[in-house]
Amino acid sequence: MKLKIKIVITALLSLLCLLPAFTVFAAADDYTVKEQDGFVVTYGDKNIESVAKIMGVTKSELKKKINDENILFIAVNRDNSIQVRLSRYETELSKKVEDISYLSDTLLTDIFPELENDNYIKTAIGKTTFIKNTETLVDSGGNYTSNQYVTIKNGYVYQISVYVSENAEQNLADQFVNNIRILNATIYSPRQKILVVCGIAVFVILIIIMIRGIIKDIRAE
């Protein structure tokens, strides 16, 4: 009976040992987006061929663009007159600021002096503060509106890029953007990771000691 109890305790300790590792080092979702009718969305590999075809590029070209520009997803409507992209990247500023949603307007202007320009405004998507820039641009396809939404959260820069052709409905793009949520992700500092790794090491040592005890009991019996 004592041997069985030791085996059960060892198994439980093994599970406890693995849980912190999964919690700390697993990639957590830090955003959500509610897809809507009329749009095709690619999250890396999902629907990438369909989106590439609509955009008029190859799958490999689109995949390279996603990797090079740190894009989390791209959404396009059926005729490619509306594109919505979400990118995430890290800068020295983002690591220091962590989250601009808690900053006063004065501090926000210090970080984004562009707010003094009429083309830049402070806005909110969900409960997250964004700096929005609107421009009218021209390319081979004609005139289009570019809306760039930038925020700093979780120690990262998140950028929503929206491109709407002059013949497309801006409100459809706005509806899609308003359903994007940047979530509060758990950010672990290097010190916290070291502590967790040390804790795992202690568990492993305990397990080894208990396994040796079990082996001795088996031999004794």
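First things first, this report covers the structure right here in the doc. Note that the coordinates shown come from a computational prediction; the quantities given were computed from them, not determined experimentally.

Describing the layout of surface pockets
The method is simple in principle: a probe with the dimensions of a water molecule rolls over the atoms, and the space it marks as empty is what remains.
Stage number 1. Size it by volume and the second largest pocket reaches roughly 230 Å³.
Stage number 2. Elements with a contribution of two residues or more to the lining of the second largest pocket: strand 4 (82-89), strand 7 (142-153) and strand 8 (156-165).
Stage number 3. Here the lining of the second largest pocket is built from residues that sort into four nonpolar, seven polar and two charged.

Side note on the sheet that holds strand 8
Strands belonging to one sheet form pairs held by backbone hydrogen bonds; the direction of such a pair is parallel or antiparallel.
Stage number 1. Strand order in the open sheet formed by seven strands is 2-3-4-8-7-6-5, and the pairing between neighbours is antiparallel. Every other strand in the sheet has two partners, leaving strand 2 (39-42) and strand 5 (120-125) as the edge strands with one partner each. Taken over all neighbouring pairs, the strand axes of this sheet differ in orientation by 20 degrees on average, direction set aside.
Stage number 2. When strand 2 meets strand 3 (residues 71-77), the two strands line up antiparallel, connected through four bridges. If you follow T42 over to strand 3, its bridge partner there is I74.
Stage number 3. Across the face of the sheet, helix 6 (residues 170-177) comes into contact with strand 2, strand 3, strand 4, strand 5, strand 7 and strand 8 while running at roughly 160 degrees to strand 8.

As for unusual backbone geometry
Stage number 1. Positive phi, close to 65 degrees, is recorded for N80, a residue that is not glycine.
Stage number 2. Secondary-structure assignment places N80 in the loop between strand 3 and strand 4.
Stage number 3. Given a relative accessible area of 22%, N80 falls into the partly exposed group.
Stage number 4. Phi at N154 is positive, roughly 60 degrees, even though this residue is not glycine.
Stage number 5. Relative to the elements of secondary structure, N154 occurs in the loop between strand 7 and strand 8.
Stage number 6. Here N154 falls in the buried class, since its relative accessible area comes to 11%.

Focus on the nonpolar core
Stage number 1. If you look at the biggest cluster of nonpolar residues, it comprises 23 residues, and the most contacted ones within it are F73, V84, L86, I160, V162 and F176.
Stage number 2. Mapped by element, the contributors of at least two residues to this core are strand 1 (31-33), strand 2, strand 3, strand 4, strand 8, helix 6 and strand 9 (180-182).
Stage number 3. Those residues in contact with F176 that sit more than four places away from it in its chain are V33, K34, E35, Q36, F39, V41, F73, A75 and V84.
Stage number 4. Counting 10 residues, the second-largest nonpolar core is a separate cluster that includes A52, I66, I71 and I74.

A closer look at the pairing of strand 6 (residues 128-139)
Stage number 1. Strand direction decides the pairing type here: strand 5 and strand 6, joined by six bridges, are antiparallel. Along strand 6, the bridge assignment pairs I121 with K132.
Stage number 2. For strand 6 and strand 7, the ladder comprises nine bridges, and the chain directions are antiparallel. Residue K132 lies in a different strand from strand 7, and its bridge partner there is Y149.
Stage number 3. Between strand 6 and strand 7, which pair antiparallel in sequence order, lie two residues.

Let's talk about the pairing of strand 3
Stage number 1. Counted residue by residue, strand 3 has seven buried out of seven residues, so it is predominantly covered.
Stage number 2. Pairing analysis gives five bridges linking strand 3 to strand 4, with the strands arranged antiparallel. Looking across to strand 4, one finds that I74 is bridged to R85.

Points about the packing of aromatic side chains
Stage number 1. This model, assessed by the stated rule, comprises six aromatic pairs.
Stage number 2. When the centroid spacing of 6.2 Å and the interplanar angle of 50 degrees are considered together, the rings of F73 and F176 count as tilted. Of the two residues, F73 sits in strand 3 while F176 sits in helix 6, which places them 103 residues apart along the sequence. Accessibility classification places F73 together with F176 in one group, the buried group.
Stage number 3. Judged by centre distance (6.4 Å) and plane angle (85 degrees), the ring pair of F130 and Y149 falls under edge-to-face. Of this pair, F130 sits in strand 6 while Y149 sits in strand 7, and the two are 19 residues apart along the sequence. Neither F130 nor Y149 differs from the other in exposure class; each is buried.
Stage number 4. An aromatic cluster is defined as three or more aromatic residues linked by ring pairs; in this entry it consists of Y31, F39, Y43, F73 and F176.
Stage number 5. Here the basic side chain of R88 rests over the ring of Y156, its NZ or CZ set 5.6 Å away from the ring centre.

What counts and how
Residues numbered from 1 in each chain as written. Predicted model: local features only at pLDDT ≥ 70, side-chain atom pairs only at ≥ 80, totals over all residues. Heavy atoms only, no water. 1 Å grid on protein atoms, 1.4 Å probe; cavity = no way out; pocket = protein on both sides within 12 Å on 5 of 7 lines; lining within 4 Å. Points joined across faces, edges and corners; volume = space filled by probe spheres on them. Helix = DSSP H or I, 4+ residues; strand = E, 2+ residues; numbered from the N terminus. Nonpolar A, V, L, I, M, F, W, Y, C, P; charged D, E, K, R; others polar. Pairing = 2+ DSSP bridges. Axes fitted to C-alpha atoms, helices over the stretch in contact; angles between N-to-C directions. Contact = heavy atoms within 4.5 Å. Buried < 20%, exposed > 50% of the residue type's maximum accessible area, 1.4 Å probe, protein only. Core = buried A, V, L, I, M, F, W, Y, C linked by side-chain atoms within 4.5 Å. Phe/Tyr/Trp six-rings, centres within 6.5 Å; stacked < 30°, edge-to-face > 60°. Lys NZ or Arg CZ within 6 Å of the ring centre and 35° of its normal.

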